[in-house]
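# Observations on the model geometry
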Amino acid sequence: MEISTKYDPSLTEDKWYKFWLEKGYFHSEPNEKEPYTVVIPPPNVTGVLHMGHMLNNTIQDVLVRRARMMGKNACWVPGTDHASIATEAKVVAKLKEMGLEKANITREEFLEHAWEWREKHGGIILEQLKKLGASCDWNRTTFTMDPEYNKSVINTFVHFYNKGLIYRGIRMVNWDPEGQTAVSDEEVIYKETPSKLYYLKYFISIDGKPSEEYVEIATTRPETIMADTAVCVHPNDPRYTKLKGKKVLIPLINKEIPVIEDEYVLMDFGTGCLKVTPAHDINDYEIGIRHNLPVIDILDNYARLNEKAQILIGEERFIARKKIVKMLQENNQLVKEEQYNSQVGYSERTNAVIEPKLSLQWFLKMTEAAKPALEYVMNDTIKLIPDKFKNTYRHWMENVKDWCISRQLWWGQQIPAWYMPDGKIVVAADKDDALAKARLSYPDLTEKDLKQDEDVVDTWFSSWLWPISVFDPTKPGFPDKKPNSELAYYYPTNDLVTAPEILFFWVARMIMAGNEFCGDIPFKNVYLTGIVRDKQGRKMSKSLGNSPDPIKLMERYGADGVRVGMLLCSSAGNDILFDESQVEQGRNFSNKIWNAYRLVNGWTIDKDIEQSAQAAAAVKWFDGTLSESLETINDHFEKFRLSDALMHAYKLFWDDFCAWYLEIIKPEFGKGIDSKTHEATLELFEKLLRVLHPFMPFITEELWQHLAKNKNYESIMISEMPTPEKWSKDYAASFELVKSAIVNIRNIRQAKAISPKTELNLFVKGNLDKNLYCVIRKMANILQIEDMSAKDSGQTGNSFMVGTSEFFIPLEGMVNAAEELNKIDTELKHLEGFLKSVNAKLNNEKFMANAAENVKNTELKKRSDAEEKIAKLLKLKEEYSK
RNA sequence: GGGAGCAUAGCUCAGUUGGUUUAGAGCAUCUGCCUUACAAGCAGAGGGUCGGGGGUUCGACUCCCUCUGCUCCCACCA
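Notes on the structure follow.

Reading the values: the criteria
Residues numbered from 1 in each chain as written. Chains lettered and ligands numbered in written order. Predicted model: local features only at pLDDT ≥ 70, side-chain atom pairs only at ≥ 80, totals over all residues. Heavy atoms only, no water. Helix = DSSP H or I, 4+ residues; strand = E, 2+ residues; numbered from the N terminus. Rg over C-alpha atoms; globule rule 2.2 N^0.38 Å. Buried < 20%, exposed > 50% of the residue type's maximum accessible area, 1.4 Å probe, protein only. Contact = heavy atoms within 4.5 Å. Core = buried A, V, L, I, M, F, W, Y, C linked by side-chain atoms within 4.5 Å. Pairing = 2+ DSSP bridges. Salt bridge = Lys/Arg side-chain N within 4 Å of Asp/Glu carboxyl O. Phe/Tyr/Trp six-rings, centres within 6.5 Å; stacked < 30°, edge-to-face > 60°. Lys NZ or Arg CZ within 6 Å of the ring centre and 35° of its normal. Disulfide = S-S within 2.5 Å. Near = heavy atom within 4 Å. Polar contact = N/O pair within 3.5 Å; in protein donor to acceptor, adjacent residues only side chain to side chain. Nonpolar A, V, L, I, M, F, W, Y, C, P; charged D, E, K, R; others polar.

## Here's the deal with the overall build of chain A
Scanning chain A from terminus to terminus reveals 27 helices and 31 strands. Since a compact globule built from 882 residues should have a radius of gyration of about 29 Å, the 37 Å found for chain A marks it as more spread out than a globular shape. If one aligns the C-alpha atoms of chain A with their principal axes, the spans along those axes are about 120 × 65 × 55 Å. When burial is assessed residue by residue, chain A has 54% of its 882 residues classed as buried. The contacts in chain A between residues at least 6 apart in sequence include a share of 76% that link residues at least 24 apart.

This is the structure we're talking about:
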């Protein structure tokens, strides 16, 4: 049957994925083997696969498949995150389309819609991961709002509350007016934004009436002046001593506010006079506390001015700003406007400008939990790869602030706090418990008297339990409870593969939770991937439209091709500049493997012929090369240098196996192959497929099914990774010499335009393994190889050297003596320069006194080799000069 | 403003405690080939003095200082 010259992934990928699933190879149960565990960083349930996921999950799959082939009980747990803000935003948008406002429906109704949405659209991303070949244990798929998981989260809350680490308080929080919720500091992204600095006149008040005198105050937020409760100057500012003890009037509303002094004010910024707006600025809030200022909040939850503003009530903040500026202008109280770039905070989820807002929130004290979590990383109990992230990690952990864990959303775990009629709080795992607790104070209370807190917890307050709860959701909240058998077996997990930007959000917090509930680390290694950027280094984003659709990419290049393309250019912690040509390289590699198979598959076995000398040599050489490569690849994996490991395997297959090994053993056209070589080749090919399998699961399975003889396994994915055997360095070195000689001969052919089909003769002088002459004959199309002494003295031809061995190819009438002399001179010049630098060292007394013995020896060897070569070249030069 | 990191062929990156033949790889480029596995291929070649300057050392891409450029993190002045 004709096999296509092009590998077609569409014919194999779905087939084998289905096969693996049916066989249950991805599923893991605790057994006597050593576990190898990875928990997926759960993508948002609303998510669709993007290039970042591709990279991240390819890496995980490579690690997991390899571990499985190394005899470990590999378990990769998949799942999704409920992502409260992102999901709620999508559901709200969808309701809007249906003509429904969130404000007009009940919590229960909303949640019904949300669940419906998640049933319909949630988890698309997991299906997409299957295309990639991800060998996740799908039976273990977990959602951070599964009923059991919810209990984990609630119990955790109760646990920390009982420990006195969770408290409720009024704080300045980052308010997202679009998402209608508080967000954590980490979810605010500061971007430099062009804005204006407005200089306003505040008249000094005399009994509530404006005087002639005024102070100038610079502000970027004129719409908040109505919330001013003071004007502040530096106590040592001579310009403003006259203001001390006075009062000024807020423009437009003519409200009297005091002038206060605080060292916080910078004398050299703006006018050195600051308006203090405690409700709308974090620093002003702190000044307000120091000076006992009232707090007037003039913005509602949608960042519209409220009735406390007195004017422009109901206007959105930015519209209000424009209007106020105009009013101030008309009132002659705007002195000037200056262009000014300030850092403005935006919500990571909704991109709305964050409003600092005072609100009543739940907090978790972090200081104590941070200490052991920092320790684990600093003493390498948990390794960060690359370790440059230790610095940033430390910085964050040493300056950790209390974590605002409440969110004013409905999608998520509702805070398990109930309010009694007197406003007092009981925190309990469920309403019955809460009622029982409440009755300790008020025996007559009924269910109806308890009102549960409206808020839900921050999403990260659920995902920090991930490595524990996916195995034992009954553990969080109960540090003393014996872990179930699953948790006991799989925890701590081995490797976590994630992005550096969630090192604190998620990784650090998982370490804290792990320590709190299991008294142990949640994982041993954290491999931090880079950000996938486009060719110009821009972050991939929907709005830029520079992100290719991974699914289409896989359709075009095959999942294996995309995996290889991504891995080749990604070292840990480095961003990857993605370009389709890399994926093309991956696809080409698949094709190369495919065609190697076509070659081997097309051979007919001839039982009557003996193994040729060159085939025997090639088998011996490649055996050694394979073992050497396995050692190298193992080493790369130990250091998490995945792209180096892949590149090594790539070259092993393409260069060593295809370009050298197969070409050496390839029978002449029309002839069969001896069975000994054939057997050996199948065995080597099969081993190579196993080496490549973690990187390219599909094509390796397809070919393995054809190639593998005496299969002990039904699938390559449950076969064993080949292990290195003893190999001879000397033999490898001799073979390398022969390869160099062949390259030189080909080079001469190219230079002299001699067809590869023309047979040539070769004279040799030097310590070349004569048993390998057969390889030169075959690969360089040499008819005869003779000792240099047999050469006729007057014969013209082309010479070259490999190491210190000399070679000569008779080329009557084709050699230009001047050209040859030129070549010799160039080489001589190079060698002499080299010798000079070596001699400089050897003649240096200090070098001889200080350098290590082996260093001196190599230098001596360099000298003798160079001298020998120079002598030979000089002799050659003489010959050509004749 | 504070901190960290990076700067090596056209591009993306290796270069392990300073010494292994005057720096390696892949891709791209150039030359010659449609050779009976593969033109998504084969064979061969060219290309960098390791950002600039200074220092330590017998010896520096590798250590120190400095300048320049870029990236990231943290904080933030109204």
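Additional details are given in the paragraphs that follow.
## Thoughts on the nonpolar core
One finds Y393, Y661 and I776 to be the most contacted residues of the largest nonpolar core, which totals 185 residues. Sorting elements by how many residues they give to this core places helix α20 (residues 642–665) first, with 14 residues. Counting residues in each nonpolar core, the second largest holds 31 residues, with Y198, V248, V325 and L334 among its members.

## Details of the sheet that holds strand β6 (residues 181–183)
Reading across from one edge, β6-β5-β14-β16 is the order of the four strands in this open sheet, with antiparallel pairing throughout. Either end of the sheet is taken by a strand with one partner, and the two such strands are β6 and β16 (403–404). Bridging between strand β5 (residues 166–176) and strand β14 (residues 355–364) involves ten bridges; their strand directions are antiparallel. Each bridged residue has a counterpart across the sheet, and for I166 the counterpart in β14 is L364.

## Section: the pairing of strand β8 (residues 209–219)
Inspection of the sheet shows strand β7 (residues 188–206) paired to β8 by eight bridges, in the antiparallel sense. Residue I206 lies in a different strand from β8, and its bridge partner there is K209. Counting the residues between successive antiparallel strands, the hairpin from β7 to β8 contains two residues, one of them, D207, with a positive phi of roughly 50 degrees.

## Concerning the pattern of salt bridges
Considering all chains together, one arrives at 55 salt bridges under this definition. Measuring nitrogen to oxygen at the nearest pair gives 2.8 Å for the salt bridge that ties R690 to E686. Highlighted residues: R690 and E686, both in helix α21 (residues 675–692), separated by four residues, approximately one helical turn. Residue classification places E686 among the buried residues on the basis of a relative accessible area of 11%. Connected through shared salt-bridge partners, R221, E223, E316, R317, R321 and E355 make up one network.

## Concerning the packing of aromatic side chains
Overall, the coordinates contain 45 aromatic pairs when judged by the stated rule. Ring centres 5.1 Å apart and planes at 70 degrees place the aromatic pair W115 and W411 in the edge-to-face group. Placement of W115 in helix α4 (residues 107–121) and of W411 in the loop between β17 (406–407) and β18 (417–419) is noted, with a sequence separation of 296 residues between them. Through successive ring pairs, a cluster of aromatic residues spans F589, W621, F622, Y650, F653, W654, F657, Y661, F685, Y731 and F735. The lysine or arginine in question, R66, covers the ring of F637, its NZ or CZ lying 4.0 Å from the ring centre.

## Focus on unusual backbone geometry
Residue P386 follows I385 across a cis peptide bond; omega there is 0 degrees. Residue placement: P386 occurs in the loop between β15 (383–385) and α10 (389–398). Cis geometry marks the peptide bond from Y491 to P492; its omega dihedral reads 0 degrees. Among the secondary structure elements, P492 is positioned in the loop between α14 (485–490) and β22 (493–498). One non-glycine residue, A303, lies in the positive phi region at around 65 degrees. If you trace the backbone, A303 turns up in the loop between α7 (282–291) and α8 (317–330). With phi around 60 degrees, N332 is a residue other than glycine that occupies positive phi space. One can find N332 in the loop between α8 and β13 (334–347).

## Some thoughts on the state of the cysteines
All chains considered together, the criterion is met by zero disulfides. Of all cysteine sulfurs in the structure, the one in C136 sits closest to C75, which takes part in no disulfide; the separation is 9.6 Å.

## Details of the protein's contact with RNA strand B
Around RNA strand B sit 57 residues, and of these N283, Y340, R598, F669 and D865 come closest. Of everything in RNA strand B that lies within 4 Å of the protein, sugar and phosphate atoms constitute 55%. Residue Q585 places a side-chain N or O atom 2.6 Å away from a sugar or linking oxygen belonging to RNA strand B. For the surface near RNA strand B, the leading source of residues is helix α18 (residues 580–602), giving nine residues. Split by residue class, the surface near RNA strand B holds 22 nonpolar, 22 polar and 13 charged.

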